[in-house]
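As a plain string of letters, each chain reads:
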Amino acid sequence: MLKFLKIFLPAGAGAASILSLAYIAADQFIVDIPAPIREAIELNAAQAQEAKEAKAAAAAELAARNEELALAGLAPSIAGGYGLGREALVEEIAAWDDDVRPDGHGLPAGSGDVFTGEEVFIEKCSMCHGDFGEAVGRWPVLAGGFGTLTRQDPVKTIGSYWPYLSTVFDYVNRAMPFGEANSLSPDEVYAITAYLLYVNDLVDDDFTLSNENFNEVRLPNEENFKDDDRLEVEFPQFVRPDICMENCKESVEITMHASVLDVTPEETAAREAAEAAEAAAEAAPEATVEAAAADTGLDPALVAAGEDLFKKCRSCHQIGEGAVDRTGPHLNGVVGRAIGAHDGFNYSGTLADAGAAGGVWDEATLGAFLANPKAAMPGTKMSFAGFKSDEDIAAMIAYLQSAGGQ
Amino acid sequence: MDMKFKGTKPSRRSFLTGALAAGGAVAGASVAQGQATPDPLITEKQPWRQYLGAGVDEAPYGMPSEHEAHVIRRTVPWLTADPISSINFTPLHELDGIITPNGLCFERHHGGVAEIAPEDHRLMINGLVDKPLVFTMEDLKRYPRENHVYFLECAANSGMEWAGAQLNGCQFTHGMIHNVMYTGVPLRLLLEEAGVKTNGKWIMVEGADAAGMNRSIPMEKALDDCLIAFKMNGEALRPEQGYPLRLVVPGWEGNMWVKWIRRIEVGDEPWHAREETSKYTDLLANGVARRFTWEMDAKSVITNPSPQAPITHGKGWTVITGVAWSGRGTIPRVDVTIDGGKNWHQARMSGPSLNKSMHRFYYEFEWDGKPLLLQSRAHDNTGYVQPTKNELRAIRGENSIYHNNSIQTWYVNENGEAENVEIS
């Protein structure tokens, strides 16, 4: 029995219950308990008491806090939670947990070089951001802008403004391409990120970015961010208990008029358009998708399915009343229209050529284009990968006919 | 103050409405008008007095009167590249009280409105927790709920006005805000359920939309007053406000109130997501940018009269009204000036004064028909007083975009027409 105790002694402050049992057992054989054992037992008793007190204190604290919460009408906490929800599975967390932090936390294994990045970028990103990140229209500029942060209209790009490269990776992976988010492979995201470093003159054209060297890359503007200091800088000036109420200034002059710029949307025009649309809707109350479909002999179910699929297209295309050209041309009357011939839109060469050669968007040409845009019209700027099933293609053509007219 | 008015003219309709209200007398005065001929609206039988109206259930979900069809959100098309990732504005000049009706709450999406069936929605908590969890909507509705009225203001509200007066209408200058009552579960309860590890100092919140919106929030705020909300003004969130589930971050910039929230990750450091580095950081004149500027400073604006809501009744008794709010608490006081800041008058506050909620103020006066320069300035319960635009520019320059909480000026001419101006 003593031997048994000796074995447990090195464990020092082991489980109090075992030691207590041992003490009772040992007591039958020996009169005096050796000092180290007694100390260990006392230590354990003290620790148990401490734990008990801590638990009671936590419970009291929670009770006091809940009382406070209740007084404020707020919901009470329960020690250990309400027992609702279920444990997330490893696979589920892996499916959603793809965020990346500046310290590299969350980066997937993979790599991509500048050349691959250029190819992917031109195919999937350039229709909005331009071939070199210079941007089309009002889409974000991604490159350049160095030295512009202190002047009027600064150009805030990845190179000139963004503090961390991880933000590029995280954002491209989660939100790009616009209209087909979260569709890029890790290698593609590394490649695009490498290309964006390249167009910002931050790496050479032979650069390869990977999870291995990611943390070695620093963006030039990292140091020019500081945490919110309004409380220190602005509060002392703007907490003004004795602010002037009477005769606060001698004279007042108007220094600027909004009407000089005249950029306010015309409310009257907007209202008249809305009223006209309302009147038209009242005049033709049956003009629903189904009714329109019936008039044109289209299958309403097919049209509805096509309308649903059109979500994939609407980041670039508009259709229906008031549709205008966006990144892609508007699609009113596209079925039966000459290919690449809608005035005012800058088509890629292949489409313009096809139109010049007498090509028309009919079921056959549209079907082939929608199935695989890049194969049907090599060089097209449309970044869509294509519909996989014939039903989807039929539904889309039916919707284009229904919503855009024939 | 001799100037030519070139702003948005009041519409024909608002003049007609004004004329009818004044009993046909456009040039009003401070005393009741004499009436030369009987008002046919009184002397003749009106159809609505004789014939039956629509029965119940005509509109199972009720809509505003057709005479209110102009009270809508509006966008400024040139602001953004595309309407899918864009913004529209709450028509503040058409509203009163403190609550924004659900259909008029401004919209800001980064990847369009996600369409999610509530039974398909999941909320995950992972990262530095004892037990990573998944909740269904049904699970969440078994937690104790709280009701709170909070304003949600986009950090870019009034952002177009930094370099000078630009837009004629408080809808456009100040309409990236709404104020509704939320019902939801305190985020604290969900984090306690998962058990935050001692090194869990931050959370990252993420949306289920095509932008996968993500932001970092310090743990202290997450455990303080954040809500996981599923109702606004008593009914389910509108799709454009994050149906079926959104985050509520009281007093802090709207971008953090992630809609369609699907995941909360606990971490030891902030994420520096795109929306807290490239956007929603405030560039100062010296090229240094402030980051994590979460709190919304005290702010106010006169909503009537304003460029979209001119004075149509002529001189005499006139109601000036507007809204005020602060991300740091309540608004015990608003001052109003009608002479461009020479003299100020304490406005009358009306309606509940709730923490981090919009407040309504009024100032009634007898207009002498002479041009006005209207301003309001809010005082919050910390003692902070809303600054002028030039005071803010002196500290921040003109490139900040975000957090412009400066005093707004409306010039009202002799005809009652109002314009957005800046003054000395």
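Residues numbered from 1 in each chain as written. Chains lettered and ligands numbered in written order. Predicted model: local features only at pLDDT ≥ 70, side-chain atom pairs only at ≥ 80, totals over all residues. Heavy atoms only, no water.

### A word on helix 18 (residues 390-404) of chain A
Residue and element names in this part refer to chain A.
Item 1. The end-to-end C-alpha distance of helix 18, which contains 15 residues, comes to 21 Å, matching closely the 21 Å that a straight helix rising 1.5 Å per residue would cover.
Item 2. Along helix 18, the residues that are buried comprise Ile 393, Ala 395, Met 396, Ile 397, Ala 398, Tyr 399, Leu 400, Gln 401, Ser 402 and Gly 404.
Item 3. A positive phi of about 80 degrees marks Gly 405, the residue just after helix 18. (Helix = DSSP H or I, 4+ residues; strand = E, 2+ residues; numbered from the N terminus. Expected span 1.5 Å × (residues − 1). Buried < 20%, exposed > 50% of the residue type's maximum accessible area, 1.4 Å probe, protein only.)

### Notes on unusual backbone geometry
Item 1. Along the chain, Met 176 of chain A connects to Pro 177 of chain A via a cis peptide bond; the corresponding omega equals -10 degrees.
Item 2. When you line up the elements, Pro 177 of chain A lands in the loop between helix 7 (165-175) and helix 8 (186-199).
Item 3. With an omega of 10 degrees, the peptide bond running from Tyr 243 of chain B to Pro 244 of chain B counts as cis.
Item 4. With a phi angle near 55 degrees, Tyr 280 of chain B is a residue other than glycine that sits in the positive phi range.
Item 5. Relative to the helices and strands, Tyr 280 of chain B is located in the loop between strand 12 (261-267) and strand 13 (282-283).
Item 6. Note on Tyr 280 of chain B: relative accessible area 5%, which makes it buried.

### Re a nonpolar patch on the surface
Item 1. Taken together, Leu 41, Ile 42 and Trp 48 of chain B make up a surface patch of nonpolar side chains, about 410 Å² in accessible area.
Item 2. With a relative accessible area of 70%, Ile 42 of chain B lands in the exposed category. (Patch = residues over 30% accessible without salt bridge, like charges linked within 9 Å, V, L, I, M, F, W, Y side chains within 5 Å. Areas by Shrake-Rupley, 256 points an atom, 1.4 Å probe, with all protein chains shown as cover. Salt bridge = Lys/Arg side-chain N within 4 Å of Asp/Glu carboxyl O.)

### Focus on the pairing of strand 21 (residues 372-379) of chain B
All names here are of chain B.
Item 1. A large share of strand 21 lies buried, amounting to eight of its eight residues.
Item 2. A two-sided burial pattern is seen for strand 21, the buried positions comprising Leu 372, Leu 374, Ser 376 and Ala 378 on one face and Leu 373, Gln 375, Arg 377 and His 379 on the other.
Item 3. Here strand 17 (residues 333-337) runs beside strand 21; their pairing, made up of five bridges, is antiparallel. Its bridge partner lying in strand 21, Asp 335 is registered against Arg 377.
Item 4. Bridge count between strand 21 and strand 22 (residues 409-412): four bridges; the pairing is antiparallel. Note on strand 22: the bridge partner recorded for Leu 374 is Trp 410. (Pairing = 2+ DSSP bridges.)

### Things to note about the interface of chain B and chain A
Item 1. The interface of chain B with chain A comprises 121 residues on the first partner and 96 residues on the second.
Item 2. By the criterion of area lost to chain A, the three top residues of chain B are Arg 274, Arg 291 and Lys 342 of chain B, representing 7% of everything that side buries.
Item 3. Remark: the boundary between chain B and chain A carries ten salt bridges.
Item 4. Where chain B meets chain A, there are 52 residue pairs in polar contact (both at pLDDT 80 or more).
Item 5. Grouping the amino acids of the side of chain B that touches chain A by side-chain chemistry returns 47 nonpolar, 39 polar and 35 charged.
Item 6. Sheet topology places strand 4 (residues 225-227) of chain A next to strand 14 (residues 289-291) of chain B; three bridges connect them, and they run parallel. The residue of strand 14 of chain B that forms the bridge with Lys 226 of chain A is Arg 290 of chain B. (Contact = heavy atoms within 4.5 Å. Buried area = accessible area lost by both parts, 1.4 Å probe. Polar contact = N/O pair within 3.5 Å; in protein donor to acceptor, adjacent residues only side chain to side chain. Nonpolar A, V, L, I, M, F, W, Y, C, P; charged D, E, K, R; others polar.)

### Notes on the domain arrangement of chain B
Residue and element names in this part refer to chain B.
Item 1. In terms of domains, chain B is made up of domain 1 (102-290) and domain 2 (299-421).
Item 2. Relative to domain 2, the C-alpha centre of domain 1 lies at a distance of 28 Å.
Item 3. At the junction of the two partners, domain 1 supplies 38 residues and domain 2 supplies 34 residues.
Item 4. Interface area for domain 1 against domain 2, summed over the two sides, is near 3000 Å², with a carbon-plus-sulfur share of 55%.
Item 5. By the criterion of area lost to domain 2, the three top residues of domain 1 are Trp 162, Cys 170 and His 174, representing 26% of everything that side buries.
Item 6. At the boundary of domain 1 and domain 2, one finds two salt bridges.
Item 7. Here domain 1 and domain 2 share 21 residue pairs in polar contact (both at pLDDT 80 or more) between them.
Item 8. Contributing elements (two or more residues each) for the side of domain 1 that touches domain 2: strand 5 (146-153), helix 5 (170-174), strand 6 (177-186) and strand 13.
Item 9. For the side of domain 1 that touches domain 2, the class distribution of residues is 17 nonpolar, 13 polar and eight charged. (Domains from an automatic or database assignment.)

### Remarks on the state of the cysteines
Working definition: the covalent bond between the sulfur atoms of two cysteines is a disulfide.
Item 1. What the rule picks out here adds up to one disulfide over all chains.
Item 2. Sulfur-sulfur distance for the disulfide between Cys 244 of chain A and Cys 248 of chain A comes to 2.1 Å. Disulfide Cys 244 of chain A-Cys 248 of chain A: the torsion about the S-S bond is -100 degrees, which places it as left-handed.
Item 3. Cys 244 of chain A gets classed as partly exposed once you look at its relative accessible area, which sits at 33%.
Item 4. On the basis of relative accessible area, Cys 248 of chain A is assigned to the partly exposed category, the value being 29%.
Item 5. Cys 316 of chain A supplies the cysteine sulfur nearest to Cys 128 of chain A, a cysteine that is in no disulfide, at a spacing of 5.5 Å.
Item 6. The thiol of Cys 105 of chain B is not disulfide-bonded; the next cysteine sulfur, from Cys 154 of chain B, is found 14 Å away. (Disulfide = S-S within 2.5 Å.)

### Describing the packing of helix 7 of chain A against helix 8 of chain A
All names here are of chain A.
Item 1. Interaxial distance between helix 7 and helix 8 falls to 10 Å at its minimum, and their mutual angle equals 130 degrees. On the basis of the axis angle, helix 7 is oblique to helix 8. Judged by the sense of rotation from one axis to the other, the crossing of helix 7 with helix 8 is right-handed. Each of Leu 165, Val 168, Phe 169, Val 172 and Asn 173 in helix 7 lies in contact with helix 8, whose residues at this interface are Pro 186, Val 189, Tyr 190, Ile 192, Thr 193, Leu 196 and Leu 197.
Item 2. Taken together, the residues that form the contact of helix 7 with helix 8 break down as ten nonpolar, two polar and no charged. (Axes fitted to C-alpha atoms, helices over the stretch in contact; angles between N-to-C directions. Parallel < 35°, antiparallel > 145°, perpendicular 65-115°, else oblique. Left-handed = near helix turned anticlockwise from the far one by under 90°.)

### Quick word on the confidence of the model for chain A
Item 1. Within chain A, residue pLDDT values average 84, and 85% of them lie at 70 or more.
Item 2. Confidence drops under pLDDT 50 across residues 284-293 of chain A; counting only partners more than four residues distant or on other chains, this segment forms eight contacts. (pLDDT = per-residue confidence, 0-100.)

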